[in-house]
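# Architecture and fold: a report
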Amino acid sequence: MTTQVAEKSVGERPPARKRNLRKFGQTWGPIAAALPAVLIVGVFLAYPIGYGFWMSLHEVSMFNLSAQDFVGFTNYQELFADPAFRNSLWRTMIFVFGVIIIGMAQSLAFGLTLHYLPNGRFVRALNLVPYFISSVAVAMVWRFFVQSDGGFTSFITEAFGQTAISWLADGNLALFVVTMATVWMMAPFSVLLILSGLQTVNADMYEAAQVDGANAFQRFIHVTLPSIRPQIATSLIWLTFQAFNSFGLILALTGGGPGDSTELLAVYMYALGMENLDISGSSAVMIIILVLNAVFSLIYLKLFPTDEPEKS
Amino acid sequence: MKKYGIWLAGIALIVWTVMPLLWALLATSKDTSEVYANNFWPEQFSLQAWGDLFQLDGFWRFAFNSLYVTTVSTVIAVAISIVAAYAFARYAFKWRHILLLFILVPRLVPRVALIVPLYLMFSKVGLIDTYTVIIVLYVASAVPLATWTLIGFIGAIPREIEEASAIDGASLLRRLWTIVLPLTIPGLVTVTIVSFVESWNEFPFALAFLQDTEMRTLPYQLFSLESSLGLIDWPLISAFAIFTMLPILVLYLRFEKSIVSGMTAGAVK
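Conventions adopted
Residues numbered from 1 in each chain as written. Chains lettered and ligands numbered in written order. Predicted model: local features only at pLDDT ≥ 70, side-chain atom pairs only at ≥ 80, totals over all residues. Heavy atoms only, no water. Helix = DSSP H or I, 4+ residues; strand = E, 2+ residues; numbered from the N terminus. Buried < 20%, exposed > 50% of the residue type's maximum accessible area, 1.4 Å probe, protein only. Domains from an automatic or database assignment. Contact = heavy atoms within 4.5 Å. Buried area = accessible area lost by both parts, 1.4 Å probe. Salt bridge = Lys/Arg side-chain N within 4 Å of Asp/Glu carboxyl O. Polar contact = N/O pair within 3.5 Å; in protein donor to acceptor, adjacent residues only side chain to side chain. Nonpolar A, V, L, I, M, F, W, Y, C, P; charged D, E, K, R; others polar. Patch = residues over 30% accessible without salt bridge, like charges linked within 9 Å, V, L, I, M, F, W, Y side chains within 5 Å. Areas by Shrake-Rupley, 256 points an atom, 1.4 Å probe, with all protein chains shown as cover. Phe/Tyr/Trp six-rings, centres within 6.5 Å; stacked < 30°, edge-to-face > 60°. Lys NZ or Arg CZ within 6 Å of the ring centre and 35° of its normal.

### A word on unusual backbone geometry
Residues and elements named next belong to chain A. The phi angle at L277 is positive, at roughly 55°, despite the residue not being glycine. Note on placement: L277 falls in the loop between α13 (265-275) and α14 (279-303). Residue classification places L277 among the partly exposed residues on the basis of a relative accessible area of 28%.

And the structure:
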């Protein structure tokens, strides 16, 4: 009963007899009601972004906050001249692509699984469990899971008579573990998105394709995938966003190590600002992360245009 | 053949999802030294880890901190959001669109990114290391999604019901209380739980803005635990990690349906 009326409620001019709903005050009443939400978001989420951008263009010292010289893009130039930053950026890119590819593969595979699994209600509920666990708990569980003594991975390797691998002692392996743990935690949500897309695909189209002699794989490529484009785009945006901003999980799983092999951008930004007290540099990294998020989202929306009209 | 395929895929999903958690759960029933022995099942079933956990220095204090900041911030966030959502859903007021975007866009910004500017803001007013900072930040983080979701739910209530009671002379507050709130309960459940989960699990803000050990929340303490233990006590850490998941899992399994539908609706928009 609830959904059918949704479209009508907002934006239409009500006929005269309906106007007594508006007694509350045409403009100021609703604005006053929205104000607490707008204010708290404005002060604590929007303003810091602006403040961060401003600091990235100035030389700000933690110890003398009043001495702030405008330096233009010097902070950005310094970052890109710094091998540590370039290394972090490069490894972040590898990580993000890893999360996207593995995460998308998982989303499609498990999305289809949940769609076709008979009596899948329990599995569907189970799928989302990792998403509700705090990043620190996920990190601890995974750290233990891949321990060279006592971990599940070593249990398996020793069962096959091999020596256990120290996953977190090698830079590239550690990056792989961080990737898998991020996918484990974040992909369940995109599985859910893909599943919700699959449930809206018109069954007639499969039948038509089948009549035309398309096999299961062809039906998937030519019918399923084009029909769930919006969900694929949303999933990609979701995975990218989570990967770029992965912080707690990495900090608790590897601490950025070994060496700096998993010190990805968010961790790098935190260390630069809160430990090295380079506020301006850290703010510049923050802006770079925001720009990267935005650029990736725009690319996806361009690659997977959604025909659906925007809902408000 | 096809039928077995789908079952295999289902089993793969279950194993992939459950295995890391199951491994941690099994560790909590093992002895600290047995963890290193590469047994799957514990040889000697022990609940030592849970006993250690509950006697851990300050454990209940951290649990209280988590529960306190999470509950308070969730209540405030939901209250602010429902009022705002009602205005956005029911009134075509001036700047409605701009304000709506203004509430939504910051949701696209990662919270970690805000730490440094926020730290400077709060240290200027001397609020570092207080519950206030954490609560305010959790409220601010929860409001965008909660408002957005509730707008959908309130918008779906037929206007006519409210009008009928307005004609009968019911005031706005009365209509809100007797009509809008009861009909929005599924939405309220969703946003309350989603906000609760986010605050309960939050880590970067707690790490950055809480300094005194007394103030730590559970995820923060879990993070600090291994460095203070010397030799890593995996059964204890696993028990701690599982303990932090429990309240959320109970809530999730109880309200799974409404959470899932609320979340997917929010994401696609």
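### Overview of the domain arrangement of chain B
Residues and elements named next belong to chain B. The assigned domain composition of chain B is domain 1 (1-46) and domain 2 (58-268). Between domain 1 and domain 2, the residue contacts involve ten residues of the former and eight residues of the latter. Roughly 640 Å² is buried in total at the junction of domain 1 and domain 2, and carbon and sulfur atoms are behind 77% of that figure. Counting every contact that joins domain 1 to domain 2 gives zero salt bridges. Taken together, domain 1 and domain 2 are joined by zero residue pairs in polar contact (both at pLDDT 80 or more). Residue classes in the side of domain 1 that touches domain 2 are distributed as six nonpolar, two polar and two charged.

### Thoughts on the interface of chain B and chain A
Note: interface size is frequently given as the accessible area lost on complex formation between the parts. Contact with chain B, which involves 100 residues of that partner, is made by 98 residues of chain A. One can count one salt bridge joining chain B with chain A. The shortest N-O distance in the salt bridge between B:E256 and A:R121 comes to 3.5 Å. Remark: the boundary between chain B and chain A carries nine residue pairs in polar contact (both at pLDDT 80 or more).

### Remarks on a nonpolar patch on the surface
Residues and elements named next belong to chain A. On the surface, a cluster of nonpolar side chains totalling about 340 Å² of accessible area is made up of V291, V295, I299 and L303. If you trace the backbone, V295 turns up in helix α14. For V295, a relative accessible area of 39% translates into the label partly exposed.

### Focus: the environment of A:L117
Its place among the elements puts A:L117 in the loop between α4 (83-116) and α5 (121-127). What makes A:L117 buried here is its relative accessible area of 7%. Separated by 64 residues in the primary sequence, A:L117 and A:F53 have C-alpha atoms spaced 49 Å apart. With near-sequence residues (within four places) excluded, A:L117 lies in contact with A:V123, B:I6, B:W7 and B:G10.

### Considering the packing of aromatic side chains
Under the defined criterion, the tally for this structure stands at 44 aromatic pairs over all chains. Ring centres of A:F44 and B:F122 lie 5.9 Å apart, and the angle between their planes is 20°; on these two criteria the pair is classed as stacked. Remark: B:F122 occurs in helix α5 (residues 115-124) and A:F44 occurs in helix α2 (residues 28-56); the pair is interchain, linking two chains. Exposure class is identical for A:F44 and B:F122. Each is buried. Put simply, the rings of A:W142, A:F144, A:F145, A:F152, A:F155, A:W184, B:W16, B:W23, B:F40, B:W41 and B:W234 pair up and form one aromatic cluster. One residue, B:K30, lies across the ring of B:W23, its end atom 4.5 Å from the ring centre. When the ring centre of B:Y220 is taken as origin, the NZ or CZ atom of B:R216, which lies over that ring, is 4.9 Å away.

### A few points about the pattern of salt bridges
Residue and element names in this part refer to chain B. Taken as a whole and judged by the stated rule, the model has five salt bridges over all chains. For E198, the salt bridge is made with R111, and the minimal N-O distance between the two is 3.1 Å. Here E198 is found in helix α9 (residues 185-201), whereas its partner R111 is found in the loop between α4 (96-104) and α5, with 87 residues between them in sequence. Each of the salt bridges in this network shares a partner with another, and the network as a whole consists of R90, E162 and R175.

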